[in-house]
Amino acid sequence: MKTINFITGFLFLALFVNAGTITVTSPNGTEVWAGCTSHTITWTWSGVSNNYSIDYSTDSGATWISLTSGLYITNGQYEWTVPNTSSTLCLVRVMDSSEPATYDISNAIFSITAPLIVTSPNGSESWQAGTTKTITWVATGTSNYYDIKYSVNAGSSWTDIATNSYITSSQYSWTVPNNPSSSCLVKILDYYNTSCIVDVSDNLFTIAPPTPVITVTNPNTSTTWYVGSSQTITWTSQYVTSNTLKIDYSTNNGSTWIPVATNTENDGSYSWTVPNTPSTQCLVKITDLGNPSTYDVSNSLFIIAAPSITITSPNGGEVWATCSSHYITWNSSGVSNNYSIDYSTDSCATWVSVTSGLYITTGQYNWTIPNTPSTVCFVRVTDSGNPSATDISNAKFTIVINTDIVITSPNGGESWQGNSSHNITWATAPTSTRWAIYYSINNGSTWTTITSNTTTKPYAWTVPNSPSATCLIKIVDYNNTCIYDISDSVFTIIPPTPYITVTAPNTGVTLYSGNSTNITWNSGYLTSSFVVIEYSTNNGSTWNTIASVTENDGTYSWTVPNTPSTQCKVRISEYNNPSTYDVSDVTFTIANPYITLTAPNGGENLTGCYSKTITWNSAGVSGTFTLKYSVNNGSSWSNIVSSTTGSSYNWSVLPNVSSANCLVKIYDYNNQAIADSSDAVFNLNLNSDIIITNPNGGETWAVASSQTINWTSTSTNFNVYYSVNNGSTWNTLTTNTSVKTYNWTIPNNPSANCLIKVEDYSNTCKYDLSNSTFTIPPPTPVLTVTSPNTAVTWYIGNNYNITWSTQYVTSSYVIIEYSVNNGSIWTTIINPTENDGTYSWNVPNAPSAQCLIKITAYDNPAITDMSNVNFTIAMPYIIVTAPIGGESWKGCSSKSVTWTSAGTSGYYTVKYTTNGGSSWTTLISNTTSTSYTWNPVPSVNSSDCYIKVYDYNNSAYKDSSDAAFTLVKNTDIAVTAPNGT
């Protein structure tokens with residue numbers, strides 16, 4: 001009660017002492033403000049509440065329109081986007097919202113001009129579809145970028161004419177669409193302010209239907225079309241509703257018409273084979289079958305003419321040599337330019353084709369004259385597309401023999417032996433410089449190429465072994481194969497003399513017993529397909545058979561016998577003709593194979609892990625060797641390499657052992673009987689290039705502790721390993737390190753049998769081990785709650801992640817509990833769950849500020865942890881913050897409904913009531929915002945209004961205005977007359 005009296009007294013005091021003033025300073029008369037632009041309303045004031053209502057009038061104050069109501073302003077100015085409402089009777093009024101009697105109005109009227117006014121079409125126009133019309137408008141202060149649209153249904157829907165079009169002339173040339181209507185409008189919008197800068201035609205205009213048009217486009221000039229040719233009649237059409245047309249032509253300037261097509265598709269073209277109706281008075285007419293009054297005729301007469309060909313050469317009297325080149329020429333008109341050309345050598349009794357269906361536009365063809373002499377020759381040229389167009393030479397011409405090549409040898413009667421060399425000779429004209437040469441052994445029935453392209457004259461020919469008494473030579477000009485000559489008569493090729501030539505062994509080589517070698521030979525003109533092969537060890541005094549008969553293929557694989565000698569030869573003879581034979585030109589040697597080890601060969605002093613080059617000599621062996629070594633004077637052998645070639649081998653890493661009884665053995669990989677060993681033993685010594693100093697046995701190193709491994713060495717790069725099973729297996733710590741120390745974080749791998757190994761990176765043979773084992777004891781397990789672990793608030797019904805970390809915990813599962821009384825009592829959340837560090841918890845309905853989480857290893861209760869500080873479990877909430885009650889909101893204005901929330905789904909539904917909650921109306925559903933712009937506020941009178949906001953996904957979470965607020969009906973417009981009575 002005291003509060004109410006205090007407020008009442010305060011309001012009375014404020015009313016009593018208020019003597020405020022407001023003076024509008026702009027606009028204050030004479031201003032001209034363009035609609036959709038921004039201007040500042042300004043005023044001076046004293047003694048006011050700084051809560052203002054601002055209105056404007058476009059009818060000298062007869063009616064007012066609200067700009068804002070109850071807006072708190074301290075700087076005496078308001079930024080106003082001027083409406084798109086033309087008027088010369090404008091005023092502004094500024095009023096103290098807390099004291100409506102304190103206000104001021106502009107001293108004089110000002111003007112608002114519309115920035116955009118459509119001037120054409122603006123109503124009653126009739127624009128025909130297909131014509132070009134100009135859309136015009138008046139613009140002031142626009143961006144000059146426009147969207148232009150039209151409507152054919154009085155504005156119910158709009159179609160784009162232009163989008164974002166830059167226009168400074170305030171006019172646009174429009175091809176009127178074929179969309180007839182008497183309810184048409186044009187709308188123009190500023191592209192960058194489409195919500196404000198916009199105007200529409202004041203009244204409806206009409207789009208009238210277009211006139212159908214057919215236009216012949218071909219033939220449409222004084223062209224000539226030839227009988228039998230295929231021509232395309234073309235046309236265009238607009239607004240023709242029929243899909244079929246009729247086509248006619250006239251040969252008498254339109255006096256009569258002849259059908260071309262009585263029913264053809266209106267697709268713009270028709271292929272016409274020109275009929276045999278020659279005339280210079282031709283026209284084409286195309287008619288709409290559905291509307292015969294719609295037609296068109298060619299603009300000019302065209303000609304239908306018969307095609308023609310006239311030969312100009314050869315046309316009688318010419319003398320052309322065979323194989324020479326001459327042009328056949330002709331004139332033509334109305335032809336397809338696809339020609340067939342023929343010639344006759346018997347006064348046109350028969351014809352031979354020169355070319356057929358060849359496309360020629362020059363009226364000439366370069367003809368190589370065939371080798372067919374005659375004095376009664378003719379040429380014929382015919383249009384392949386229209387055979388009626390043809391012509392023949394007017395008179396006969398002559399073809400005479402070409403003598404550019406004349407063979408002089410062999411020219412008949414010669415006898416040339418196969419495999420011998422002879423010159424082919426001939427005489428030529430200076431123009432013939434390159435030739436192909438052929439021979440025949442069957443009097444020209446078939447030909448074999450000697451050379452396909454030579455400039456050498458005469459030509460040296462190795463005569464083939466193709467005996468025949470009917471041989472000929474033919475020489476052809478390479479550049480003009482029509483020019484050639486053949487021997488005047490046949491000549492003879494006689495058989496050559498048979499021979500055998502031993503090619504291997506044919507020098508003083510050494511062949512080794514047991515090895516395989518190839519005996520080779522050449523032969524020619526033998527009558528037998530077989531030979532006999534023999535060898536001698538006494539320079540030919542006696543002969544031993546190698547093969548009594550073998551194929552005469554030039555090679556024989558011989559396994560060399562164990563008959564050592566330096567006087568060996570091979571003889572090869574024809575199987576059925578011993579008089580044809582050959583013997584090796586010089587003697588060769590047969591010897592036994594050997595291997596001789598040269599190093600290590602006894603007495604050497606070598607160190608393990610270093611390299612040694614093993615060397616040997618050999619002959620007659622396979623060339624592939626096996627190497628072994630022994631450290632016990634040959635009692636047992638170990639492999640060095642199973643297969644190597646050459647005469648040396650780099651034993652790159654000697655075994656790291658100590659022995660004074662070492663040997664190396666080498667033998668032929670393919671014949672172990674051929675072998676050799678070191679002549680005496682050599683020494684091998686242990687390698688001590690690396691020595692571990694720490695750990696070297698007995699140490700105890702804890703898991704996760706940092707320890708230093710040390711060693712001494714003459715090497716430069718190292719690999720370091722550790723073992724937890726006394727060296728049975730090894731784990732890598734580092735590779736290729738260049739320092740002689742390694743800082744090691746001890747792994748969780750407990751064992752009392754640990755060792756360290758350090759080896760040379762470049763030579764892993766060099767290494768050292770700890771002298772004895774050291775120990776890694778088991779680590780202490782740790783479990784740590786990480787969330788919730790601060791004073792957070794978790795809301796009932798929501799899911800949150802409980803998280804934790806572990807070290808050295810072997811259990812695969814954990815138990816999770818919570819407490820709402822600081823740990824006095826614990827409630828199980830889950831028993832057990834996987835120990836993966838996270839668990840999604842749906843918070844229960846247990847509000848408390850004394851909450852903790854505890855996590856325990858499933859199989860070891862001693863391993864546990866709980867939240868470091870208390871967290872809070874609370875109910876989710878929504879609190880309406882505006883309107884909360886007591887407000888008075890004017891209808892048709894814009895107001896913000898606001899609320900705060902926590903623990904909700906984040907999706908909200910907002911409703912209002914004007915009857916104290918008897919019924920509710922939805923403002924928005926499923927919004928993610930925490931405010932809603934209520935625009936416009938309903939224009940009703942009610943003092944029993946409330947706002948309600950609830951969680952869209954859980955309507956149990958909600959809130960309403962604390963008390964009723966008021967909605968006031970908007971009275972900015974009031975009918976004064978008639979107003980009753």
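What you are looking at is a predicted structure, and each value in this text was computed from that prediction instead of being measured. (Residues numbered from 1 in each chain as written. Predicted model: local features only at pLDDT ≥ 70, side-chain atom pairs only at ≥ 80, totals over all residues. Heavy atoms only, no water.)

A. How the structure looks around the overall build of the protein chain. The number of helices and strands found in the protein chain is one helix and 89 strands. At 59 Å, the protein chain has a C-alpha radius of gyration far larger than the 30 Å of a compact globule built from 981 residues. With the principal axes as the frame, the protein chain shows a C-alpha extent of 160 × 130 × 45 Å. Split into buried and exposed, the 981 residues of the protein chain put 41% on the buried side. In the structure as shown, the protein chain presents an accessible area of about 47900 Å², 47% of it carried by carbon and sulfur atoms. For the protein chain, the centre of its 27 positive side-chain charges and the centre of its 54 negative side-chain charges are spaced 4 Å apart. (Helix = DSSP H or I, 4+ residues; strand = E, 2+ residues; numbered from the N terminus. Rg over C-alpha atoms; globule rule 2.2 N^0.38 Å. Buried < 20%, exposed > 50% of the residue type's maximum accessible area, 1.4 Å probe, protein only. Areas by Shrake-Rupley, 256 points an atom, 1.4 Å probe, with all protein chains shown as cover. Lys, Arg positive; Asp, Glu negative; His and termini not counted. Charge placed at Lys NZ, Arg CZ, Asp CG, Glu CD.)

B. Structural view of the confidence of the model for the protein chain. Across the protein chain, the average pLDDT comes to 91, with 97% of residues at 70 or higher. Within the model, the stretch residues 1-18 combines pLDDT values under 50 with four contacts to residues more than four positions away or in other chains. (pLDDT = per-residue confidence, 0-100. Contact = heavy atoms within 4.5 Å.)

C. The arrangement of the nonpolar core in detail. Grouped together as the largest cluster of nonpolar side chains are 26 residues, with contacts concentrated most on Ile802, Ile816, Ile829, Trp841, Ile853 and Ile855. Broken down by element, the residue count for this core peaks at four residues, all from strand β78 (residues 848-857). Discounting chain neighbours no more than four positions away, the residues touching Ile855 are Leu783, Val785, Ile802, Thr803, Trp804, Val814, Ile815, Ile816, Ile863, Thr864 and Asp865. With 22 residues, the next largest nonpolar core counts Cys36, Tyr146, Cys184 and Cys196 among its residues. (Core = buried A, V, L, I, M, F, W, Y, C linked by side-chain atoms within 4.5 Å.)

D. Expanded view of the environment of Thr262. With respect to the helices and strands, Thr262 occurs in strand β23 (residues 258-265). Remark: the alpha-carbon pair of Thr262 and Thr566, spanning 304 residues in sequence, is separated by 110 Å. Here Thr262 is in contact with Leu245, Lys246 and Leu289, once residues within four sequence places are set aside.

E. View of the side chain of Ser374. Looking at where Ser374 falls in the secondary structure, it is placed in strand β34 (residues 374-383). Polar side-chain contacts of Ser374 include one of 2.8 Å to the backbone oxygen of Thr345. Discounting residues that sit within four places of it in the chain, Ser374 has contacts with Thr345, Phe397, Thr398 and Ile399. (Polar contact = N/O pair within 3.5 Å; in protein donor to acceptor, adjacent residues only side chain to side chain.)

F. Main features of the sheet that holds strand β10 (residues 116-120). Pairing is antiparallel across the open sheet formed by three strands, whose spatial order is β10-β12-β15. Two strands bound the open sheet, and with one partner strand each, they are β10 and β15 (171-175). For this sheet, the mean angle separating the axes of adjacent strands, direction not counted, is 30°. When strand β12 (residues 132-139) meets β15, the two strands line up antiparallel, connected through five bridges. Of the residues in β15, the one forming a bridge with Lys133 is Trp174. (Pairing = 2+ DSSP bridges. Axes fitted to C-alpha atoms, helices over the stretch in contact; angles between N-to-C directions.)

G. The arrangement of the pattern of salt bridges in detail. Going through the model one piece at a time under the given rule, you end up with six salt bridges. Where Arg93 meets Asp55, a salt bridge forms, and the shortest distance between an N and an O atom there is 3.2 Å. Note that Arg93 is positioned in strand β7 (residues 87-96) and Asp55 in strand β4 (residues 51-57), a separation of 38 residues in sequence. Asp160 is the partner of Lys149 in a salt bridge, and the nearest nitrogen-oxygen pair spans 2.5 Å. With Lys149 in strand β13 (residues 145-151) and Asp160 in strand β14 (residues 159-166), this residue pair connects regions lying eleven residues apart in the sequence. (Salt bridge = Lys/Arg side-chain N within 4 Å of Asp/Glu carboxyl O.)

H. Structural detail: the packing of aromatic side chains. As enumerated under the stated definition, the model contains 42 aromatic pairs in all. Ring geometry for Trp794 against Phe871: centres 5.4 Å apart, planes inclined by 50°, an arrangement best described as tilted. Of this pair, Trp794 sits in strand β73 (residues 793-795) while Phe871 is found in strand β80 (residues 871-874), placing the two residues 77 residues apart along the sequence. Phe871 carries the same exposure label as Trp794, and that label is buried. In this structure an aromatic cluster arises from ring pairing among Trp794, Tyr800, Tyr818, Trp841 and Phe871. The positively charged end of Lys948 is found above the aromatic ring belonging to Trp920, 4.4 Å away from the centroid. (Phe/Tyr/Trp six-rings, centres within 6.5 Å; stacked < 30°, edge-to-face > 60°. Lys NZ or Arg CZ within 6 Å of the ring centre and 35° of its normal.)

I. Quick look at unusual backbone geometry. Between Ala599 and the following residue, Pro600, the backbone shows a cis peptide bond with an omega angle of -5°. With respect to the helices, strands and loops of the structure, Pro600 is situated in the loop between β55 (594-599) and β56 (605-607). Cis rather than trans, the peptide bond between Ala882 and Pro883 has omega equal to 0°. For Pro883, the position within the fold is in the loop between β81 (877-882) and β82 (888-890). We note that Asn443 has phi near 60°; this positive angle belongs to a residue other than glycine. For Asn443, a relative accessible area of 49% translates into the label partly exposed. Look at Asn926: it is not a glycine, yet its phi comes out positive at around 65°.

J. Geometry of the environment of Thr833. For Thr833, the position within the fold is in strand β76 (residues 827-834). A C-alpha to C-alpha distance of 63 Å links Thr833 and Val631, two positions 202 residues apart in sequence. In contact with Thr833, not counting residues within four places along its chain, are Ser812, Tyr813, Val814, Ile816 and Tyr839.

K. Representation of the sheet that holds β55 within the structure. Ordered in space as β55-β57-β60, the three strands form an open sheet in which the pairing is antiparallel. Lying at the two open borders of the sheet, with one neighbouring strand each, are β55 and β60 (648-651). Neighbour-to-neighbour, the strand axes of the sheet open up by a mean angle of 20°, direction not taken into account. Sheet topology note: the strand β57 (residues 612-619)/β60 ladder contains four bridges and is antiparallel. When the bridges of β60 are listed, Thr615 appears paired with Ser648.

L. Representation of the state of the cysteines in the model. Taken as a whole and assessed by the stated rule, the structure comprises three disulfides. A sulfur-sulfur separation of 1.9 Å characterises the disulfide bridge that pairs Cys36 with Cys196. The chirality of the disulfide connecting Cys36 with Cys196 is left-handed, given an S-S dihedral of about -90°. Of this pair, Cys36 sits in the loop between β2 (32-34) and β3 (38-46) while Cys196 sits in the loop between β16 (181-190) and β17 (198-200), and the two are 160 residues apart along the sequence. In this structure, Cys36 and Cys196 share a single accessibility class: buried. (Disulfide = S-S within 2.5 Å.)

M. A look at the environment of Trp804. With respect to the helices, strands and loops of the structure, Trp804 is situated in strand β74 (residues 799-807). Taking the C-alpha atoms as reference points, Trp804 and Pro788, 16 residues apart in sequence, are found 9.3 Å from one another. At a separation of 2.8 Å, a polar atom in the side chain of Trp804 contacts the side chain of Asn835.

N. Expanded view of a nonpolar patch on the surface. A contiguous nonpolar surface patch, about 290 Å² in accessible area, is contributed by Phe530, Val549 and Tyr575. As for its position among the elements, Phe530 is in strand β49 (residues 530-536). (Patch = residues over 30% accessible without salt bridge, like charges linked within 9 Å, V, L, I, M, F, W, Y side chains within 5 Å.)

O. Spotlight on the pairing of strand β18 (residues 205-208). In terms of strand pairing, strand β11 (residues 126-128) meets β18 through three bridges, oriented parallel. Residue pairing across strands places Gln128 opposite Ala208, the latter belonging to β18. Pairing of β16 with β18 involves two bridges; the strand directions are antiparallel. Looking at β18, one finds that Cys184 is bridged to Phe205.

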